[in-house]
Amino acid sequence: MEMTKYKLGDLCRIASAKRIFENEYVDFGVPFVRGQEISDGSLLDQNSVFDCYISKERYEEIKQKYGKPSKGDILITAVGTIGNLCYLDKDIDFYFKDGNVIWFSDIKDFCCGLYLYHFMKGSFFKDQLKYYMIGAVQNALTMDMLKKVNVPLPSLSEQKKIAAVLSALDDKIALNKKMNQKLEAMAKRLYDYWFVQFDFPDENGRPYKTSGGPMTHNPTLNREIPVGWEVLTIGEILDKYKTTKKFNTSDYKSDGKYPIVDQDTSTFIAGYTDDEDVLKRYPAVLFGDHSTCVKFLNFEFGRGADGTQILYSKDERVRQFYLYMAIKSMSIPNPGYARHFKFLKEMPIILPCQELADEYQKRMEPIYTAITKVDLENRAMTKLRNKLLPLLMNGQVTIA
């Protein structure tokens, strides 16, 4: 397959966001998106991430002067977690809360935007970025770096075929993620119903608290809990475990026997390793010491080095499913960039009676078995996509 190389700067317009200051924020208008809300091909759930806005008048002024991302454009994070990508498949009115995002627009008509997006997900693009960042004072992308990147282009028809194959895999991965989000929502509803509202089924199958089940005041929580239940701190119920190797980001591979999981909120699996010194006790709960993210791990995994706390319960009334949902529901004190695990260990957790703990475990097992099955399918498809990507881009594999 014949390829022609272009500089990225010759294929599209490269722009960065204008910084908006806090005194321009309003309570309602055009929403902001932050760099960390760009994750794995899409903007995160827009109903939950928008927490402040810019007025429509100011937005129109900025749009006229600086432009704004539109359908067919590509976004990339330039600071912090570098290289997260998003292809805009529809027009959305939004602007950036910070200047940590660069976008690519006005893509030439001989270059397929989806092809370019998939190229940026590949190792050839990322290796070039690493080369340009050598010796940089700050780990960040710049427009000047990006303009120099070489992009191999086959014919437009070949570009579209390649983009279609890779996009089909991405679409299936995205569909699976939505399925798991629904399963997680089911698990959360049951947790809230049983352990927040205390309307678990009583001995007659009726909602416990609503039906007048006996309650007692707990001074630690300053609220009523079911009679016979106990309150301890997270630190009191945590179990010890054999320590294993902590993997630095330089150890992460794009493929391998075991996934590596760290405290990054923008991705679930950060990389892979073939090293056997991994955690093989699961289910496990990961808590991000800096990010306060919480991840449920139902497989063998390598532990990311920076700020990962792995949690196991030693109390049979707090199984791993319950521990995960309880911590996910907690409001951890956040004094800024700090170690948050010390605060988590002091947080109270309600211990139900053993019978209800066993029943909750029974209800959760099929849900998280299904979630794990979908996760494994996504991991396999992601590996396939990552293997196909360079082969398609360099012409080693062609599409009929």
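Not measured: the values here are computed from a predicted model. (Residues numbered from 1 in each chain as written. Predicted model: local features only at pLDDT ≥ 70, side-chain atom pairs only at ≥ 80, totals over all residues. Heavy atoms only, no water.)

A. Broad picture of the overall build of the chain. When its secondary structure is counted, the chain shows 11 helices and 23 strands. Summarising its shape, the C-alpha atoms of the chain cover approximately 75 × 55 × 40 Å along the three principal directions. Taking all 400 residues of the chain together, the buried fraction comes to 47%. Taking the intrachain contacts of the chain between residues at least 6 apart in sequence as the baseline, contacts between residues at least 24 apart amount to 71%. In the structure as shown, the chain presents an accessible area of about 20400 Å², 50% of it carried by carbon and sulfur atoms. With 55 positive and 53 negative side-chain charges, the chain shows a spacing of 3 Å between the two charge centroids. (Helix = DSSP H or I, 4+ residues; strand = E, 2+ residues; numbered from the N terminus. Buried < 20%, exposed > 50% of the residue type's maximum accessible area, 1.4 Å probe, protein only. Contact = heavy atoms within 4.5 Å. Areas by Shrake-Rupley, 256 points an atom, 1.4 Å probe, with all protein chains shown as cover. Lys, Arg positive; Asp, Glu negative; His and termini not counted. Charge placed at Lys NZ, Arg CZ, Asp CG, Glu CD.)

B. Highlighting the pattern of salt bridges. In total, this model carries 19 salt bridges according to the counting rule given. A salt bridge links E230 to R317; its shortest N-O distance comes to 2.9 Å. Placement of the pair is E230 in strand 15 (residues 230-233) and R317 in the loop between strand 22 (308-311) and helix 9 (320-328), with a sequence separation of 87 residues. R319 serves as the salt-bridge partner of D358, at 2.8 Å between the closest nitrogen and oxygen. Highlighted residues: D358 in helix 11 (residues 354-393) and R319 in the loop between strand 22 and helix 9, separated in sequence by 39 residues. For D358, a relative accessible area of 32% gives the class partly exposed. The class of R319 is partly exposed, set by a relative accessible area of 23%. Ionic contacts of the salt-bridge type, sharing partners, join the residues E24, R58 and E61 into one network. (Salt bridge = Lys/Arg side-chain N within 4 Å of Asp/Glu carboxyl O.)

C. Representation of empty space enclosed by the protein within the structure. The full count for this structure, using the stated rule, is 1 cavity of 30 Å³ or more. Estimates place the volume of the largest cavity at around 40 Å³. Forming the boundary of the largest cavity are F195, R317, R319, Y322, A357, Y360 and Q361. Sort the elements by how many residues they give to the lining of the largest cavity and helix 11 lands first, with 3 residues. Residue classes in the lining of the largest cavity are distributed as 4 nonpolar, 1 polar and 2 charged. (1 Å grid on protein atoms, 1.4 Å probe; cavity = no way out; pocket = protein on both sides within 12 Å on 5 of 7 lines; lining within 4 Å. Points joined across faces, edges and corners; volume = space filled by probe spheres on them. Nonpolar A, V, L, I, M, F, W, Y, C, P; charged D, E, K, R; others polar.)

D. Spatial organisation of the confidence of the model for the chain. Scored by pLDDT, the chain comes out at a mean of 86, with 91% of its residues at no less than 70. Here residues 44-49 is a poorly scored stretch, pLDDT under 50, and it has 7 contacts once near neighbours within four places are set aside; other chains count. (pLDDT = per-residue confidence, 0-100.)

E. Representation of the environment of Y59 in the model. You can see Y59 is positioned in helix 3 (residues 56-66). Residues Y59 and L384, spaced 325 residues apart in sequence, show a C-alpha to C-alpha distance of 41 Å. Among the polar contacts made by the side chain of Y59, one reaches the side chain of D93 at a distance of 3.1 Å. (Polar contact = N/O pair within 3.5 Å; in protein donor to acceptor, adjacent residues only side chain to side chain.)

F. Quick peek at the layout of surface pockets. The volume enclosed by the second largest pocket comes to roughly 310 Å³. Lining the second largest pocket are 13 residues; nearest its centre among them are F200, P201, D202, E355 and L356. Taken together, the residues of the lining of the second largest pocket sort by class into 8 nonpolar, no polar and 5 charged.

G. Region of interest: the nonpolar core. I349, Y360 and Y368 are the most contacted members of the largest nonpolar core, which has 43 residues in total. Every element with two or more residues in this core is listed here: helix 7 (156-195), helix 8 (234-237), strand 19 (284-288), strand 20 (294-297), helix 9, helix 10 (341-345), strand 23 (348-351) and helix 11. Top element by residues in this core is helix 9. It accounts for 7 residues. Filtering out sequence-adjacent residues up to four positions away, Y360 remains in contact with A187, L190, Y191, W194, F195, F321, Y322 and M325. Within the second largest apolar cluster, 36 residues are counted, among which are L11, I76, V149 and M381. (Core = buried A, V, L, I, M, F, W, Y, C linked by side-chain atoms within 4.5 Å.)

H. Local environment of the state of the cysteines. According to the stated counting rule, one finds 0 disulfides in the structure shown. Looking at the unpaired C12, the closest cysteine sulfur is the one in C111, lying at 7.4 Å. For C12, a relative accessible area of 8% corresponds to the buried category. (Disulfide = S-S within 2.5 Å.)

I. Just helix 4 (residues 113-121), in detail. Along helix 4, 8 of the 9 residues are buried, which leaves the element largely enclosed by surrounding structure. Residues of helix 4 that are buried: G113, Y115, L116, Y117, H118, F119, M120 and K121.

J. View of the pairing of strand 14 (residues 223-226). As defined by bridge partners, strand 13 (residues 215-218) adjoins strand 14 across 4 bridges and the pair is classed as antiparallel. Each bridged residue has a counterpart across the sheet, and for H217 the counterpart in strand 14 is E224. Linking strand 13 to strand 14, which pair antiparallel, is a turn of 4 residues; within it N222 sits at a positive phi near 55°. (Pairing = 2+ DSSP bridges.)

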